[in-house]
Amino acid sequence: MAAVAATTVLCSSHQKSFFFSLSRSRRLLKQCNSTKNHVFFFVRCLHSAQQQQGSTSTIRPPETIGRLNVIDILEKRGLLESLTSDNLRSVSSFYNSDDNTNPLRVYCGFDPTAESLHLGNLLGIIVLSWFQRCGHKVVALIGGATARIGDPSGKSLERPDLDVNTLEKNTLGITSTISRIFTNNCNLSSTSTSASLLSSSFVVMNNYDWWKEIRLLDFLKQVGRYARIGTMIAKESVKKRLESEQGMSYTEFTYQLLQGYDFLYLFQNESVNVQIGGSDQWGNITAGTELIRKILQPEGDVAYGLTFPLLLKSDGTKFGKSEDGAIWLSPSMLSPYKFYQYFFSVPDADAIRFLTMLTFLDVKEIDELENQMKSPGYVPNIVQRKLAEEVTRFVHGEDGLNEALKATEALRPGAQTKLDWKAIECIAGDVPSCSFAYDQVLNLSLVDLSVSAGLFDSKSAARRLLKQGGLYLNNSRVDTESKRIEPEDIVDGIVLLSAGKKNKVIVRIA
Ligand SMILES: Nc1ncnc2c1ncn2[C@@H]1O[C@H](COP(=O)(O)OP(=O)(O)OP(=O)(O)O)[C@@H](O)[C@H]1O
Ligand SMILES: N[C@@H](Cc1ccc(O)cc1)C(=O)O
């Protein structure tokens, strides 16, 4: 009966929480076992209990056709590494309201250890999105509490301690990125599921909301008791660190238990029954399924873990945040233009792999693109263009993609595009800039302005290039040396100067 007390104490602070006693859970599970889809039934039981207790959360079935199994899809697209139980396949078919079942509730956690997520983290969002596209409900969990501890998984050194202000800033940044992507995703999914239903099937939570209420003594007594030291030490993340010179702090050692408890908490309070993560999360995810099994003692599988492989570059290193040139998902850390350009320039060998793992294009279409790539007369970068468009649209939305396309065109070497203020705004973050007063610039010769803006070392160098036809004002070639800046050359307070095909400077007029 200790477990009954444990779960009651630990969950009672959460306003939306509902708790049922271990004996009630067991009774429900027994009933469930007599039905074919016992997991769904169990979840339905949880929900009816939740509704009886006035919970606000509802399950609304999406209006969809087709019966895709999300696990099959992930497997086909190279997004499946391991499952805690093969039974997850049988309960993962496309959610359909006629089935008399409930959709799965799937969560993925993201510790706010940087101001933005990066390309490696996008895999978790994509896998969540596949579940969502197949009718299931998804939770993105921000690790406001766990980031204070630091996940040792895949790390050879203890993570630096983050102060509260940094954590809060990171949490805001990451939450906004995740919300933006899922909102874009809802707008894009008109083919199968209506936008309003999808938006109700996605929620962002923060584990600090429950961890801030938990008392150490309660936790040790009621959860720690069920965690076995032998099992904890055997986890890859711990084994590796124990062998290292620096060893491992007790704080980091407890990380797996914290993430394990999150799963238990979400299982009990939000009916979440699947946790996903990168392959390095296996130990933390199984810590959760183990706690659920030991504390709630259900019969059979009721909570599942799924891992996906880490996304690697062609040289075998993983996409992360520590190395130079991380591919950030936040537009303030990497503009949609640069994001687009990254994918536009990936080697052919990576393009198809990325299309399969990072986009929602039909595999048949990807196969066709691959055949095209191999056929004679293939125009280079067709596949990369498709990849860049798909991933940029998913991450930055239609507006972000348009911005990236405009900037690409405006900055294309030798582009003759007439610039409007929108195009200039799109490239503003990606081109060096300087500022001058309106009076300083008006009537100034183009040659003088180009030198003052730092485009040339001398007026003679500027004149030479102008004579050769390489000096551009707002992307239009200038061939008269006497050209002076007129009011109509100043587009919304900006003038774009280009020397040759690549060197550009934005002059801001204050
Ligand atoms: N390349 C990747 N592919 C898939 N998942 C990844 C990748 N990189 C990180 N993740 C997932 O995101 C989680 C958070 O990443 P984490 O902060 O541990 O490392 P990171 O961002 O890769 O940073 P670093 O570059 O410092 O190793 C990881 O546990 C992992 O599951
Ligand atoms: N450990 C995960 C984040 C995470 C945090 C809490 C969880 O419950 C789940 C996952 C990571 O490092 O990215």
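Everything here concerns the structure above.
All residue numbers here refer to positions counted from 1 along the written sequence of the relevant chain. Going through the entries in the order they are written, you letter the chains from A and number the ligands from 1. Totals for whole chains, interfaces and linings use all residues, but because this is a predicted model, local features are given only for residues with pLDDT of at least 70 and pairs of side-chain atoms are given and counted only at 80 or more. With hydrogens and water set aside, each side-chain value is computed from the structure's full complement of heavy atoms.

Chemist: What should I look at first to understand the pattern of salt bridges in this one?
Modeler: Side chains that carry opposite charge are capable of pairing whenever their charged atoms lie near each other. Within this document, salt bridges are pairs made up of a side-chain nitrogen of Lys or Arg and a carboxyl oxygen of Asp or Glu, the two lying within 4 Å of each other. Evaluated as defined, the whole model comprises 20 salt bridges. Between R393 and E390 there is a salt bridge, and its shortest N-O distance comes to 3.5 Å. Of the two residues, R393 and E390 both sit in helix α19 (residues 382-411), 3 residues apart, roughly one turn of that helix. Residue R393 shares its accessibility class with E390, and that shared class is buried. Several salt bridges share partner residues, and in doing so they unite D72, E75, D86 and R89 into one network. Counting from the N terminus, the helices are DSSP H or I runs at least four residues long and the strands are E runs at least two residues long. Only protein chains enter the area calculation, which uses a 1.4 Å probe; residues under 20% of their type maximum are buried, those over 50% are exposed, and those in between are partly exposed.

Chemist: What is the right way to look at the sheet that holds strand β8 (residues 471-473) in this model?
Modeler: Backbone hydrogen bonds hold the strands of a sheet together, and the pairing may be parallel or antiparallel. The pairing criterion is simple: DSSP has to find at least two bridges between the two strands. What the 5 strands build is an open sheet, ordered β7-β11-β10-β8-β9; its pairing is mixed. A single partner strand is all that each edge strand has here, and the edge strands are β7 (433-436) and β9 (476-477). Of the pairings in the sheet, the one linking strand β10 (residues 494-499) to strand β11 (residues 503-509) comprises 6 bridges and is antiparallel in character. Following the sheet pairing, I494 is matched in β11 by R508.

Chemist: Help me understand the site of ligand 1 in this model?
Modeler: Here a residue counts as near a molecule or strand whenever at least one of its heavy atoms sits within 4 Å of it. Around ligand 1, the surrounding shell holds 19 residues, and the nearest of these are H118, K155, L311, K318 and S322. Between ligand 1 and N121, the relevant distance is 2.8 Å, taken from an oxygen atom to a side-chain nitrogen or oxygen of the residue. Pairing of N or O atoms within 3.5 Å defines a polar contact, subject to two protein rules: one partner must be a possible hydrogen donor and the other a possible acceptor, and residues neighboring in sequence count only if both atoms are side-chain atoms. A distance of 2.7 Å separates an oxygen atom of ligand 1 from a polar atom in the side chain of K321. When the free accessible area of ligand 1 is taken as 600 Å², the share hidden by the protein chains comes to 88%. Among the elements that line the shell around ligand 1, the one with the most residues is helix α6 (residues 119-133), at 3 residues. Considered class by class, the residues forming the shell around ligand 1 number 6 nonpolar, 8 polar and 5 charged. Accessible surface area values rest on a Shrake-Rupley calculation with a 1.4 Å probe, where residue burial reflects the displayed protein chains alone. Amino acids outside the nonpolar list (Ala, Val, Leu, Ile, Met, Phe, Trp, Tyr, Cys, Pro) and the charged list (Asp, Glu, Lys, Arg) are all regarded as polar, and Gly is one of them.

Chemist: Where do I start with unusual backbone geometry in this structure?
Modeler: A negative phi angle is the norm for most residues apart from glycine, just as the trans form is the norm for most peptide bonds. If you check the backbone angles, S271 has positive phi at about 60° while not being a glycine. By the element assignment, S271 lies in the loop between α14 (255-270) and β5 (274-278). Even without being glycine, N381 reaches a positive phi, approximately 75°. Following the sequence through the fold, N381 ends up in the loop between α18 (363-374) and α19.

Chemist: Looking at this structure, I do not really get the packing of aromatic side chains. What am I missing?
Modeler: Two descriptors summarise a pair of aromatic rings, namely the distance from one centre to the other and the angle between the planes of the rings. Each pair of aromatic rings taken from Phe, Tyr and Trp, with Trp reduced to its six-membered ring, is defined by centres within 6.5 Å and is described as stacked if the planes are under 30 degrees apart, edge-to-face if over 60, and tilted in the remaining cases. Considering all chains together, one arrives at 15 aromatic pairs under this definition. Geometrically, the ring pair formed by F182 and F202 is stacked, given 4.1 Å between the ring centres and 15° between the ring planes. Taken together, the positions of F182 in helix α7 (residues 164-188) and F202 in strand β4 (residues 202-206) put the pair 20 residues apart, joining distant regions of the chain. Accessibility classification places F182 together with F202 in one group, the buried group. Aromatic pair W211 and Y261: ring centres 5.2 Å apart, planes at 70°, arrangement edge-to-face. Here the residue W211 occupies a position in helix α9 (residues 208-211), and Y261 occupies one in helix α14, the gap between them amounting to 50 residues. An aromatic cluster is built from W210, W211, F219, Y261 and Y265, whose rings are joined through pairwise contacts.

Chemist: In this structure, what is going on with the site of ligand 2? I would like to understand it.
Modeler: Contacts to ligand 2 come from Y107, G109, D111, L141, T146, D151, N207, Y255, Q259, D262, Q275 and Q281. At a separation of 2.8 Å, a nitrogen atom of ligand 2 approaches a polar side-chain atom of D151. Here Q259 contributes a side-chain N or O atom positioned 2.8 Å from a nitrogen atom of ligand 2. Taken by itself ligand 2 offers 340 Å² of open surface, and the protein chains cover 89% of this. Those elements giving two or more residues to the shell around ligand 2 turn out to be β2 (105-110) and α14. With 3 residues, α14 is the single largest residue contributor to the shell around ligand 2.

Chemist: Help me understand a negative patch on the surface in this model?
Modeler: Two distance rules govern patches: like charges are joined within 9 Å, and nonpolar side chains (Val, Leu, Ile, Met, Phe, Trp, Tyr) within 5 Å, applied only to residues with over 30% relative accessible area and no salt bridge. Only four residue types enter the tally: Lys and Arg on the positive side, Asp and Glu on the negative side; His and the chain ends are excluded. In this description, the location of a charge corresponds to atom NZ of lysine, CZ of arginine, CG of aspartate or CD of glutamate. Taken together, D362, E365, D367 and E368 make up a surface patch of like negative charges. Note that E368 resides in helix α18.

Chemist: I'm lost on the environment of K155 in this one. Help?
Modeler: By the secondary structure assignment, K155 is in the loop between β3 (137-142) and α7. Separated by 86 residues in sequence, K155 and R241 place their C-alpha atoms 8.1 Å apart.

Chemist: Sorry, what's going on with the pairing of β7 here?
Modeler: One face of the sheet, then the other: side chains in a regular strand alternate in exactly this way. Covered by surrounding structure in β7 are C434 and F436 only, the residues S433 and S435 on the alternate face being uncovered. With 4 bridges joining them, β7 and β11 adopt parallel strand pairing. Among the inter-strand pairings, S435 is bridged to a residue of β11, identified as R508.

Function cannot be inferred from these measures alone, as they are strictly geometric.
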